[in-house]
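Here is what each chain is made of, one letter per residue.
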Amino acid sequence: MIKIAPSILSADFSCLGDEIRKIEKAGADWVHIDVMDGNFVPNLTFGAPVVKKIRNVTRMFFDCHLMVDHPETYIEDFAAAGADQIVVHAEATKHLHRCIQAIHAKGIKAGVALNPASSLTLIEEILPDVDMVLLMTVNPGFGGQQFISTVLPKISRLRRMLDMAGLRTDIQVDGGINAETARQVVGAGATVLVAGSYVYGAKDVNAAIKSLRG
Ligand SMILES: O=C(CO)[C@@H](O)[C@H](O)COP(=O)(O)O
């Protein structure tokens, strides 16, 4: 079962509540929340106070992708704000295992993310402890970038690693996802698709989400 997680990075921030209701009505599964600190990535977005406010408009699953240095500093705040899952970058913390433990201690799901050029060896040892792996298919920081197709074999390799370990862990992909790239990443083994500009830029959001499911 493929899950669709539109990224609100491409939504109209002046009416975020309506933008979330729109994807909920269109059948999206999760809300993908891109948190950027201007250090780990060259862009700034929003923090836990915004997550707390939008928690009031929906019961949808909040998937918080922390593109921040020292993500351990923010776990408490995002969990309290209503995150259902917190995803941290393996490249952003010296203590990945401690960070994943701290997220689980809040009673929510924990994911680990990798930039396109980062090797799977960085996360090999943490696989049994995470609920999801996010493989970035663009360099993080901005919406509307082109899909990096060289990540496709990495998705297949990760799926094989998980299968061999008997793990049913979700593989999420994020960046440049549209109907065509969705078909490719699902073929390689992805199970959760993040899409920002493809969904929020569409005239017909329902049709866009349906096309991602193939
Ligand atoms: O995390 C990020 C960018 O850093 C993504 O979630 C983008 O927001 C996806 O946008 P599109 O490539 O789908 O427009």
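All values reported here derive from a predicted model rather than from experimental measurement.

(A) Focus on helix 8 (residues 205-213). Those residues of helix 8 that fall on the buried side of the exposure criterion are Val-205, Ala-208, Ile-209 and Leu-212. Projected down its long axis, helix 8 shows its buried positions confined to an angular sector of 95°, all on one face. Buried residues along helix 8 sit against strand 1 (3-6), helix 1 (16-25), helix 6 (179-188), strand 8 (192-195) and helix 7 (197-200).

(B) Structural context of the environment of Met-132. Tracing the chain through its elements places Met-132 in strand 6 (residues 132-136). In sequence terms Met-132 and Val-68 are 64 residues apart; their C-alpha atoms lie 18 Å from each other.

(C) Highlighting the UniProt feature "binding site: a divalent metal cation" (unreviewed entry) in the protein chain. Those places that UniProt annotates as "binding site: a divalent metal cation" (unreviewed entry) correspond, in this numbering, to His-32, Asp-34, His-65 and Asp-174. Maximum C-alpha separation among the annotated residues is 10.5 Å over a sequence range of 143 residues, consistent with a single clustered spot. On the secondary structure map, Asp-34 appears in strand 2 (residues 30-36). Excluding residues that lie within four positions of it along the chain, Asp-34 makes contacts with Ser-7, Leu-9, Thr-45, His-65 and Met-67. Take His-65: it is sitting in strand 3 (residues 61-67). The class of His-65 is buried, set by 26 C-beta atoms lying within 10 Å. If near-sequence neighbours (up to four positions away) are discounted, His-65 is found in contact with His-32, Ile-33, Asp-34, Val-35, Val-87, Ala-113 and Leu-134.

The rules behind the values
Residues numbered from 1 in each chain as written. Predicted model: local features only at pLDDT ≥ 70, side-chain atom pairs only at ≥ 80, totals over all residues. Buried ≥ 20, exposed ≤ 12 C-beta atoms within 10 Å, placed from the backbone. Helix = DSSP H or I, 4+ residues; strand = E, 2+ residues; numbered from the N terminus. Arc of directions from axis to C-beta. Contact = placed C-beta atoms within 7 Å. UniProt positions renumbered as here; feature names shortened; annotations may be inferred.

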